[in-house]
Amino acid sequence: MNNHFNLNRWWMLVTLHWVENRRRYVLSLLAIAGAMIAIIGFIFANDRHRPMSQNYQFGLYYTGLCLIGCFYGSLIFAELGRKREATLYLSLPASQLEKLLCGLFYGVIGFFVAYSLLFYLLDLPATKIADHLIIKYYWKPRNTPRPEPVGIYNILTSSDEYRVKDTIAALVIYQVLQSTYILGSIYFSRYSFVKTTLAMLVLFLLGFLFLTNLPRALPANFDLDNLFRWRRHSGNPPEHEWVLFPAWLENLLTGIITYSLPLLFWFVSLVRLKEKEVQG
Amino acid sequence: MITIQDLHYSYRRKPVLDGLNLNLQPGYIYGLLGKNGAGKSTLLKNMAGLLFPRQGQIHFGKYIPGRRDPGFLQQIFLVPEEFHVPPIRIGEWVRYQSPFYPRWSTEMFNRTLKEFEIPEDMRLSELSFGQQKKAYISFALSTGASTLLMDEPTNGLDITSKSQFRKVIAGSLDEQKCIMISTHQVKDLENLIDRITILDQGKILFDESLDSISRKLHFGVTYDPQDIPGALYSEPALKGTTLVTANTNGEDSRPDLEMLYKAVMQQPQRLNAVFKN
């Protein structure tokens, strides 16, 4: 028997999770849809000239994704904080890796797909209505050029280069945040959302203090552009000389720092899952 | 089957199990007795891999419980005192959870459910606490797990259900299976267990088979006050005084688990000395 990973056993876990939680998930999606409709209604009521512009769509999509995704992430392993449920969950004959991957399947992939589908289900008619209203009521006078349709914001591809960068950054930030909340749901037995938020704030504060104090640790004639780019001042009048990492190393380190955090947090989640006890 | 060596466990700094040694064999039902806080539930959780020994070792064949390997979890099932049932129908529960247990028996599950008089078409969350517990026990027995650990299984069961429980457990034991039942309610275990293990302050205070107890001890009633000083334990009853004495004459008597428990708690050394002879 493979005690580490078995695809059939993992799929059984995924199926069991769905059967046990489907009602909760359907109700949650309905609640999210209700909240989105309310926000879209608010946008229509407050911007009568260009409602549902791509800026609104971008804001609505990613604000919801981050807030709801992180909250859901903090619930994925919440049962481990409840003695009765933790006993049943940890006693189920599946490996800890399979249990983690099942949680990630729903928390990372399932939620992203379900949330995106729900967003477009509401966004498509909302942009149609917006275009209709703009033409019908706000295109005045008629001899001016016809307004461009607001267009549907595409989360994966965008013709707007500036927004592509925003999109990638938003997705990366979302993954880092959500993986932190998933780890928090294993780490903290109770109030994991609040405790993870506080822990992150403390870490951000420490990081901020580190970065603001780092230049003081450098030699007197150095200052810092970013972690990988330093400036050296010399001569009179002073001239600036760049001290750079090799480009490949800078790219590699930037990539690792940017993209590896979710992987790191998922790995730590697995370790914590293996260490989890049912006390009390 | 399960070997426990020098097991220590503590919650933060409070020691609960203190150098405990125990060996469980298949084909027996073990009764685990002890005061509140004696460490019974902690011992069961350590055996089930839900707690990890702070010191010492537990072996279940080739498995170490703390690793919670699927192969191990298929062979051991803990019925905790406080348990959770998923909010789904009994049929769905069986359909989606039983495939995790390769030795699962639907026939056994249906039979036990019938014995316990549980309606099969209901949601688990709609059942009463006692019915949920009986459904949980039915599930545990049907998994085909070779070791069943039960923590206060009769808590919350009515009188009829308790006798159903005894019947079901006695009927489910075979040569490959080992059952350990932890309880405060010793009367519920009478005529059921083969071996009694009494835990106190994290240590095994007493661990003997019922056969051995029958041979070495005598449980009786006396009206003669002169019999009392020589007894291992005595207490006044409605008629006369009930006694636990060393069975020096080889007389037959039915072990009274409650009296035995009290005797062990009061005079563990004297009682164990009887068994060493």
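Thresholds, definitions, all that
Residues numbered from 1 in each chain as written. Chains lettered and ligands numbered in written order. Predicted model: local features only at pLDDT ≥ 70, side-chain atom pairs only at ≥ 80, totals over all residues. Heavy atoms only, no water. Phe/Tyr/Trp six-rings, centres within 6.5 Å; stacked < 30°, edge-to-face > 60°. Helix = DSSP H or I, 4+ residues; strand = E, 2+ residues; numbered from the N terminus. Buried < 20%, exposed > 50% of the residue type's maximum accessible area, 1.4 Å probe, protein only. Pairing = 2+ DSSP bridges. Axes fitted to C-alpha atoms, helices over the stretch in contact; angles between N-to-C directions. Contact = heavy atoms within 4.5 Å. Buried area = accessible area lost by both parts, 1.4 Å probe. Salt bridge = Lys/Arg side-chain N within 4 Å of Asp/Glu carboxyl O. Nonpolar A, V, L, I, M, F, W, Y, C, P; charged D, E, K, R; others polar. pLDDT = per-residue confidence, 0-100. Expected span 1.5 Å × (residues − 1). Bend = angle between axes of the 7 residues up to and from the residue. Core = buried A, V, L, I, M, F, W, Y, C linked by side-chain atoms within 4.5 Å. Parallel < 35°, antiparallel > 145°, perpendicular 65-115°, else oblique. Left-handed = near helix turned anticlockwise from the far one by under 90°.

A.B. asks: It is not clear to me how the packing of aromatic side chains should be interpreted in this structure. Could you clarify?
C.D. replies: Describing an aromatic ring pair means giving the distance of the ring centres and the angle of the ring planes. Residue and element names in this part refer to chain A. The full count for this structure, using the stated rule, is 35 aromatic pairs over all chains. A ring pair is formed by Phe228 and Phe245, whose centres lie 5.5 Å apart and whose planes are at 70 degrees; its orientation type is edge-to-face. Taken together, the positions of Phe228 in the loop between strand E1 (222–226) and strand E2 (229–234) and Phe245 in the loop between strand E3 (239–244) and helix H7 (247–275) put the pair 17 residues apart, joining distant regions of the chain. Note on Phe228: relative accessible area 12%, which makes it buried. Among the residues examined, Phe245 registers a relative accessible area of 31% and is labelled partly exposed.

A.B. asks: Help me out: how do you make sense of the sheet that holds strand E9 (residues 203–209) of chain B in this one?
C.D. replies: Think of a sheet as strands paired side by side through backbone hydrogen bonds, with each pair either parallel or antiparallel. All names here are of chain B. With mixed pairing, the six strands of this open sheet are ordered in space as E5-E6-E7-E3-E8-E9. Since the sheet does not close on itself, it has two edges, and those belong to strand E5 (76–79) and E9, each with one partner. Going from strand to strand, the sheet's axes swing by 15 degrees on average, the running direction of each strand aside. Bridge analysis of strand E3 (residues 29–34) against strand E8 (residues 195–200) gives five bridges, and the strand direction is parallel. Bridging across to E8, Tyr30 finds its partner in Arg195. The strands touched by helix H8 (residues 257–266) within the sheet are E3, E8 and E9, with E8 carrying the most contacts at an inclination of about 40 degrees.

A.B. asks: Help me understand the interface of chain B and chain A in this model?
C.D. replies: One frequent convention defines the size of an interface as the accessible area lost when the parts assemble. Taken together, the 31 residues of chain B in the interface contact 31 residues of chain A. For the pair chain B and chain A, the summed buried area comes to about 2,900 Å², and 59% of that belongs to carbon and sulfur atoms. Inspection of the chain B/chain A interface yields three salt bridges. Among the ionic pairs, A:Glu277 bridges to B:Arg54, the shortest N-O distance being 3.1 Å. Elements supplying a minimum of two residues to the side of chain B that touches chain A: strand E1 (2–11), helix H2 (70–73) and helix H3 (90–97) of chain B. Taken together, the residues that form the side of chain B that touches chain A break down as 19 nonpolar, four polar and eight charged.

A.B. asks: Would you explain the confidence of the model for chain B in this entry?
C.D. replies: Low-pLDDT portions of the prediction should not be read for the details of their coordinates. On average, chain B scores 93 in pLDDT, and the residues at 70 or more come to 100%. The ipTM value of the predicted complex is 0.92, and its pTM value is 0.90.

A.B. asks: Would you mind going over helix H6 (residues 192–217) of chain A with me for this structure?
C.D. replies: Quick reminder: α-helices carry 3.6 residues per turn. Residues three or four places apart thus point the same way. All names here are of chain A. For H6, which comprises 26 residues, the first-to-last C-alpha distance of 36 Å matches the rise-based estimate of 38 Å (1.5 Å per residue) to within 8%. At Leu211, H6 shows its largest kink, close to 25 degrees, and the proline Pro215 lies no more than four residues downstream. Those residues of H6 not exposed but buried are Ser192, Thr196, Met200 and Leu214.

A.B. asks: Would you mind showing me how to read the nonpolar core here?
C.D. replies: One broad trend across soluble globular proteins is that nonpolar side chains are buried collectively. Ranked by size, the top nonpolar core spans 143 residues in total, and within it B:Leu43 and B:Leu260 carry the most contacts. If one sorts the elements of this core by residue count, helix H4 (residues 96–138) of chain A sits on top with 14 residues. Once you skip the residues sitting within four places of it in the chain, B:Leu260 turns out to touch B:Ile196, B:Phe206, B:Ile213, B:Leu217, B:Phe219 and B:Leu271.

A.B. asks: Would you mind showing me how to read the side chain of A:Lys276 here?
C.D. replies: On the secondary structure map, A:Lys276 appears in the segment after H7. Each residue touching A:Lys276, except ones within four places of it in the same chain, is listed here: A:Leu80, A:Leu90, A:Ile186, A:Tyr187, A:Ser189, B:Leu50, B:Phe52 and B:Arg68.

A.B. asks: What is the right way to read the environment of A:Arg84 from this model?
C.D. replies: Relative to the helices and strands, A:Arg84 resides in helix H3 (residues 83–91). As for A:Arg84 and A:Glu250, which are separated by 166 residues in sequence, their C-alpha atoms are 49 Å apart.

A.B. asks: Which parts of the structure should I look at to understand the packing of helix H4 (residues 106–115) of chain B against helix H5 (residues 129–142) of chain B?
C.D. replies: Angle between the axes and distance between the axes: these two values describe a pair of packed helices. Residue and element names in this part refer to chain B. Interaxial distance between H4 and H5 falls to 8 Å at its minimum, and their mutual angle equals 150 degrees. What the angle tells us is that H4 and H5 run roughly antiparallel. Handedness of the H4/H5 crossing: right-handed. Touching Met108, Phe109, Thr112 and Leu113 of H4 are Ala135, Ser138, Phe139, Leu141 and Ser142, all from H5. For the contact of H4 with H5, the class distribution of residues is six nonpolar, three polar and no charged.

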